[in-house]
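A structural walkthrough
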Amino acid sequence: MERVFAEYLIETPYEVEQAAAVLAGEQSSGTFVSVPGETEELKKRFAARVEDIQLLDLADEPSIPGGSIPGKKYQKARVKVSWSIENFGYNLPVLISTLQGNLYEITQFTGLKLMDFEVPDSFTTHFKGPKFGIKGSKLSCGVTDRPMIGTIIKPSIGMSVEETATLVKSLIDAGIDFIKDDELMGSAANSFFDDRVKAIMKVIRDNEQKTGKKVMYAFNISDEIDEMQRKYDLIKKEEGSCAMISINSVGLSGTKKICDQGELVIHGHRNGWGMLNRHPLLGIEFPAYQKIQRLAGVDQLHVNGIQNKFWESDDSVVTSIKSCLKPFLGGYEILPVVSSGQWGGQAVETYRRTQTTDLLYMAGGGILAHPMGPKAGVNALQQAWTGAVDGLSVEETALKYPEFAESVKKFSK
């Protein structure tokens, strides 16, 4: 019978084998005490198995509150566990409950993080995966051998429909590929969702008629499921190409319900990510997280950015980008969205460390606050990526391109 495999980073003051056995039991057929009906036959078929244990370093103090024991050291280890697919079939929420359920509450652990997981190829017959992904997203905007260049409407909230549409027009005139609502913008008192969609899509359609280029705008449809569907249908009616979902806010089933429609590119915003990942021994690592989103069908997913404004390290960002680009189930493309305090100066290091242009490279202030205006801001980002791919340094690129040189003066630290 096919099995699902998961890898965890754990910390425990108990014997690691004992703690791993508790993990496997709690997330399958066992509980804190033997119960009638837990036969050997049942356990052979449905019990999780501890497949591998690799001991790591010892700590003097627990990483998080748990089963602390005076005088004991806290052993870190990597543990691999597997489950028969018979336990959950192809029910994605139950699979996630199995991989991430009560584990975090078990007293035996003073640290536990889901690092990665693998599912059998049979999942491809039950999950459509991303409909558009990397190729579809770039094709929609007419982008080939460079990253998609995108920006966010700023201020995040407070602009009227008319002000937003005017800004969108200026960004389109500047040559932008992609624009998105901020995650804080749903249907505000002075910018109702329906009015905003209609006004912005008129600007986008007019530009497409004149130039042949259709800019992708990600409208934030995050809401109750029925209302998300209504908003999705409105974007289609207005000939839009993309909807944005705050995936941690609407939940896995809500996200998958919208992705399954398959008619709009789905931009997955991961706001709230820090509460899932920031502690090194609690939550979920991005390689596992992005696989869940790929199974749900998300086409584009935020990965933070090099030298970002948040807490995440450059190494972590690079790992996230590479995990999105790594093949999964023979396809299931997902486009990494680089954002967070980005401007052209980070392009060189981003390309050096990832060797890819299959990105949506997002800059808010890096475009809108360019001293020569938004058009120069877009040009500067494109110049930065041209220089990066050509192997030029930031300084060499600045000597070659005046708009990028102005970015360096404005944004370099």
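Residues numbered from 1 in each chain as written. Predicted model: local features only at pLDDT ≥ 70, side-chain atom pairs only at ≥ 80, totals over all residues. Heavy atoms only, no water.

Quick look at helix 7 (residues 225–237) now. Helix length check: helix 7 (13 residues) gives 18 Å between terminal C-alpha atoms against 18 Å at 1.5 Å per residue, within 8%. Met228, Gln229, Lys231, Tyr232, Leu234 and Ile235 are the residues of helix 7 that are buried. Elements in contact with the buried residues of helix 7: helix 6 (193–211), strand 7 (216–220), strand 8 (242–246), helix 8 (247–250), helix 9 (252–259) and strand 9 (265–269). (Helix = DSSP H or I, 4+ residues; strand = E, 2+ residues; numbered from the N terminus. Expected span 1.5 Å × (residues − 1). Buried < 20%, exposed > 50% of the residue type's maximum accessible area, 1.4 Å probe, protein only. Contact = heavy atoms within 4.5 Å.)

Our focus in this paragraph is the pairing of strand 7. Counting buried residues in strand 7 gives 5 out of 5 residues, a clear majority hidden from the surface. Residues Met216, Ala218 and Asn220 of strand 7 are buried on one face, and the alternating residues Tyr217 and Phe219, pointing to the opposite face, are buried as well. Note: strand 6 (residues 178–180) against strand 7, 3 bridges, orientation parallel. Bridge pairing in strand 7 links Lys180 to Ala218. Two elements, strand 7 and strand 8, share 3 bridges in a ladder whose sense is parallel. Within the sheet, the bridge partner assigned to Ala218 lies in strand 8 and is Cys242. For the crossover that starts at strand 7, traverses helix 7 and ends in the parallel strand 8, the hand is right-handed. (Pairing = 2+ DSSP bridges. Right-handed = clockwise from strand over helix to strand, strands pointing away.)

We note that Glu239 has phi near 70 degrees; this positive angle belongs to a residue other than glycine. Position of Glu239 relative to the elements: it lies in the loop between helix 7 and strand 8. Even without glycine at this site, Leu329 takes up a positive phi of about 55 degrees. Locating Leu329 in the fold gives a position in the loop between helix 12 (314–325) and strand 12 (335–338). Residue class for Leu329 comes out buried when judged on its relative accessible area of 14%.

Bringing the side chain of Asp181 into the picture now. Position of Asp181 among the secondary structure elements: in the loop between strand 6 and helix 6. Beyond its immediate stretch of four places on either side in the chain, Asp181 contacts Ile152, Arg196, Tyr217, Ala218, Phe219, Asn220 and Met244.

Moving on, we get to the domain arrangement of the protein chain. By domain assignment, the protein chain separates into domain 1 (3–125) and domain 2 (132–411). Put simply, the middle of domain 1 and the middle of domain 2, counted by C-alpha atoms, are 35 Å apart. Counting residues at the interface gives 24 residues for domain 1, matched by 20 residues for domain 2. For the pair domain 1 and domain 2, the summed buried surface comes to about 1,900 Å²; carbon and sulfur atoms form 69% of the total. Ranking the residues of domain 1 by area buried against domain 2 places Leu92, Lys113 and Phe117 at the top, with a combined share of 32%. The tally of links between domain 1 and domain 2 comes to 3 salt bridges. With a shortest N-O distance of 2.9 Å, Asp116 and Lys291 are connected by a salt bridge. One can count 12 residue pairs in polar contact (both at pLDDT 80 or more) joining domain 1 with domain 2. (Domains from an automatic or database assignment. Buried area = accessible area lost by both parts, 1.4 Å probe. Salt bridge = Lys/Arg side-chain N within 4 Å of Asp/Glu carboxyl O. Polar contact = N/O pair within 3.5 Å; in protein donor to acceptor, adjacent residues only side chain to side chain.)

A few words on the nonpolar core. Ranked by internal contacts, the top residues of the largest apolar core, which has 100 residues, are Tyr8, Leu95, Leu99, Ile179, Ile221, Leu295 and Phe404. Each of domain 1 (3–125) and domain 2 (132–411) contributes no fewer than three residues to this core. If we skip the residues at most four places from it in the chain, Leu99 touches Val4, Ala6, Tyr8, Trp83, Leu114 and Phe117. If you look at the next biggest cluster of nonpolar residues, it comprises 15 residues, including Ile152, Phe178, Met216 and Met362. (Core = buried A, V, L, I, M, F, W, Y, C linked by side-chain atoms within 4.5 Å.)

Now for the packing of aromatic side chains. Taken as a whole, this structure holds 12 aromatic pairs when the rule is applied. On the numbers, 6.3 Å between centres and 85 degrees between planes, the contact of Tyr351 with Trp385 is edge-to-face. In this pair, Tyr351 is assigned in helix 13 (residues 347–354) and Trp385 in helix 15 (residues 374–389), connecting sequence segments 34 residues apart. For Tyr351, a relative accessible area of 16% gives the class buried. Its relative accessible area of 2% is what places Trp385 among the buried residues. Here the aromatic cluster, defined as three or more aromatic residues joined through ring pairs, consists of Tyr90, Phe123 and Phe127. The lysine or arginine in question, Lys291, covers the ring of Phe117, its NZ or CZ lying 5.9 Å from the ring centre. (Phe/Tyr/Trp six-rings, centres within 6.5 Å; stacked < 30°, edge-to-face > 60°. Lys NZ or Arg CZ within 6 Å of the ring centre and 35° of its normal.)

Moving on to the sheet that holds strand 4 (residues 111–118). Pairing is mixed across the open sheet formed by 5 strands, whose spatial order is 2-3-1-4-10. Edge positions in the open sheet fall to strand 2 (49–59) and strand 10 (282–284), since each of these has one partner strand only. Neighbour-to-neighbour, the strand axes of the sheet open up by a mean angle of 15 degrees, direction not taken into account. Pairing between strand 1 (residues 3–12) and strand 4: 7 bridges, direction antiparallel. Within strand 4, the position partnered with Glu7 by the bridge is Asp116. Packing of helix 3 (residues 92–100) onto the sheet brings it into contact with strand 1, strand 3 (74–84), strand 4 and strand 10, and relative to strand 1 it is tilted by some 30 degrees. Where helix 11 (residues 286–296) meets the sheet, it contacts strand 4 and strand 10, and its direction lies at approximately 50 degrees from that of strand 4. (Axes fitted to C-alpha atoms, helices over the stretch in contact; angles between N-to-C directions.)

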